[in-house]
Amino acid sequence: MGYSRRIRQKRLIPVFFFLPLIILATISCRETELSSDHMQPSPTPINPSIIIDSSRDIMAELKSFQFDLSHRKGAGSPMEGFLLVEAVGLIEKPNMISVEATMLLGNLTTKGGIVTIDGKTFILNPLTKEWQRVESEIGLLNFFDPQEGISSIMDSILDPQLIESNDDSYIIRGEIPAPSLSPILGETTDNDVTVEISISRDFYLLTNVKVTGRLNRLDEDGLVRVIEISRFNQPLYITEPETE
């Protein structure tokens, strides 16, 4: 009987000796598993230049779009003899443009417009409110090319920085030379201005451009120009206006 008890004691000694090691090993493995479960791969940094390049290619292929120009922290953009307060434009390739604008002539708020279709140009006289056909491109159409302006903006952004990325858009900020906007606004100053653009995450469409800084020597201090772009590749139904 004593002999059997000694044998059982000898067998228990190794078990009690290794039990703490077994417990420690089990805890260690469990902690490793928990740690692995909570480890997430580092997100790939977003390169704003690649986003801009992708958007530029997409925008160049558009057949039609609408743009809305408005202003903040100022009345409007000085043009030839008037102040452009806001404008809505329809662009349809290859050669159809319709623009309706709200302008200030001195203290008088009035409406103007331009339509060009297949080389024929019509203007809405802001004083008589009547459409007239003109034989040559005048005023706005001497320089106005919104699609070229959009491409120029995206080609010219210096040191682009991604400032926000949400479920809908990438928002990128940078600097551009003021003349990059000449296809939209005509003659500009030679300084750099700040631009902030929004590009949709799903189709890389440029949806918003905000330009802060002086583009014209007559600009008010702090003037911000906002261009919103929409109705991508939708039918716009640009037609010739009725004339007298």
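Residues numbered from 1 in each chain as written. Predicted model: local features only at pLDDT ≥ 70, side-chain atom pairs only at ≥ 80, totals over all residues. Heavy atoms only, no water.

### Some details on the overall build of the protein chain
Here is step 1 of the chain: Per the secondary structure count, the protein chain includes four helices and 12 strands.
Here is step 2 of the chain: A buried classification covers 39% of the 244 residues belonging to the protein chain.
Here is step 3 of the chain: Across the protein chain, contacts joining residues at least 24 apart in sequence account for 51% of those joining residues at least 6 apart.
Here is step 4 of the chain: Element-wise, carbon and sulfur atoms account for 54% of the exposed surface of the protein chain, whose accessible area totals about 14,900 Å². (Helix = DSSP H or I, 4+ residues; strand = E, 2+ residues; numbered from the N terminus. Buried < 20%, exposed > 50% of the residue type's maximum accessible area, 1.4 Å probe, protein only. Contact = heavy atoms within 4.5 Å. Areas by Shrake-Rupley, 256 points an atom, 1.4 Å probe, with all protein chains shown as cover.)

### Section: unusual backbone geometry
Here is step 1 of the chain: That bond from Lys-93 to Pro-94 is cis: its omega, 5°, falls within 30 degrees of zero.
Here is step 2 of the chain: Inspection of the secondary structure puts Pro-94 in the loop between β3 (83-92) and β4 (96-105).
Here is step 3 of the chain: Even without being glycine, Arg-231 reaches a positive phi, approximately 55°.
Here is step 4 of the chain: Tracing the backbone shows Arg-231 in the segment after β12 (224-230).
Here is step 5 of the chain: According to the relative accessible area criterion, Arg-231 is partly exposed, its value standing at 30%.

### Points about the packing of aromatic side chains
Here is step 1 of the chain: Throughout the structure, instances matching the rule amount to one aromatic pair.
Here is step 2 of the chain: Aromatic pair Tyr-170 and Tyr-204: ring centres 6.3 Å apart, planes at 25°, arrangement stacked. Remark: Tyr-204 occurs in the loop between β10 (192-200) and β11 (206-212) and Tyr-170 occurs in strand β9 (residues 169-177); sequence separation between them is 34 residues.
Here is step 3 of the chain: A relative accessible area of 8% places Tyr-170 in the buried class.
Here is step 4 of the chain: Residue classification places Tyr-204 among the partly exposed residues on the basis of a relative accessible area of 27%. (Phe/Tyr/Trp six-rings, centres within 6.5 Å; stacked < 30°, edge-to-face > 60°.)

### With respect to the pattern of salt bridges
Here is step 1 of the chain: Counting across every chain of the model gives seven salt bridges.
Here is step 2 of the chain: Between Asp-219 and Arg-225 there is a salt bridge, with the nearest N and O atoms lying 2.8 Å from each other. Judged on exposure class, the residue Asp-219 and its partner Arg-225 are both buried.
Here is step 3 of the chain: One continuous salt-bridge network, built from bridges that share partners, spans Asp-53, Arg-56 and Asp-155. (Salt bridge = Lys/Arg side-chain N within 4 Å of Asp/Glu carboxyl O.)

### Quick word on the nonpolar core
Here is step 1 of the chain: In terms of nonpolar packing, the biggest core is built from 39 residues, with Ile-197 and Leu-206 touching the most fellow members.
Here is step 2 of the chain: For Leu-206, the residues in contact, after removing those within four places along its chain, are Ser-55, Met-59, Ile-150, Met-154, Ile-197, Ser-198, Ile-199, Ile-229 and Phe-232.
Here is step 3 of the chain: Among the nonpolar cores identified, the runner-up in size contains nine residues, and Leu-90, Val-115, Ile-117 and Leu-124 belong to it. (Core = buried A, V, L, I, M, F, W, Y, C linked by side-chain atoms within 4.5 Å.)

### Points about the environment of Met-96
Here is step 1 of the chain: For Met-96, the position within the fold is in strand β4.
Here is step 2 of the chain: Overall, Met-96 belongs to the buried group, its relative accessible area being 18%.
Here is step 3 of the chain: Counting along the chain gives 140 residues from Met-96 to Leu-236, while the straight-line C-alpha distance between them is 9.9 Å.
Here is step 4 of the chain: Setting aside anything within four residues of it in sequence, one finds Met-96 in contact with Leu-90, Ile-91, Thr-116, Ile-117 and Ile-238.

### Quick notes on the side chain of His-71
Here is step 1 of the chain: Tracing the backbone through its elements, the reader meets His-71 in strand β1 (residues 64-72).
Here is step 2 of the chain: Relative accessible area serves as the criterion here: at 14%, His-71 is assigned to the buried category.
Here is step 3 of the chain: Here Ser-77 takes part through its side chain, which lies 2.6 Å from a polar atom of the side chain of His-71.
Here is step 4 of the chain: Within the structure, His-71 has its side chain in polar contact with the backbone oxygen of Val-85 (distance 2.7 Å).
Here is step 5 of the chain: With near-sequence residues (within four places) excluded, His-71 lies in contact with Gly-76, Ser-77, Leu-84, Val-85, Leu-223, Val-224 and Arg-225. (Polar contact = N/O pair within 3.5 Å; in protein donor to acceptor, adjacent residues only side chain to side chain.)

### Some remarks on helix α2 (residues 48-60)
The α-helix advances 3.6 residues per turn, and as a result positions three or four apart in sequence lie on the same side.
Here is step 1 of the chain: The first and last C-alpha atoms of α2 sit 18 Å apart over 13 residues, in line with the 18 Å expected at 1.5 Å per residue.
Here is step 2 of the chain: For α2, the complete set of buried residues consists of Pro-48, Ile-51, Ile-52, Ser-55 and Met-59. Viewed along the axis of α2, the buried residues span an arc of 95°, placing them on a single side of the element.
Here is step 3 of the chain: Looking at the buried positions of α2, the neighbouring elements they touch are α3 (146-156), β8 (158-165), β9, β10, β11 and β12.
Here is step 4 of the chain: Between the side-chain oxygen at the start of α2 and the backbone nitrogen of Ser-49 there is a gap of 2.9 Å, and the oxygen is on Asn-47. (Expected span 1.5 Å × (residues − 1). Arc of directions from axis to C-beta.)

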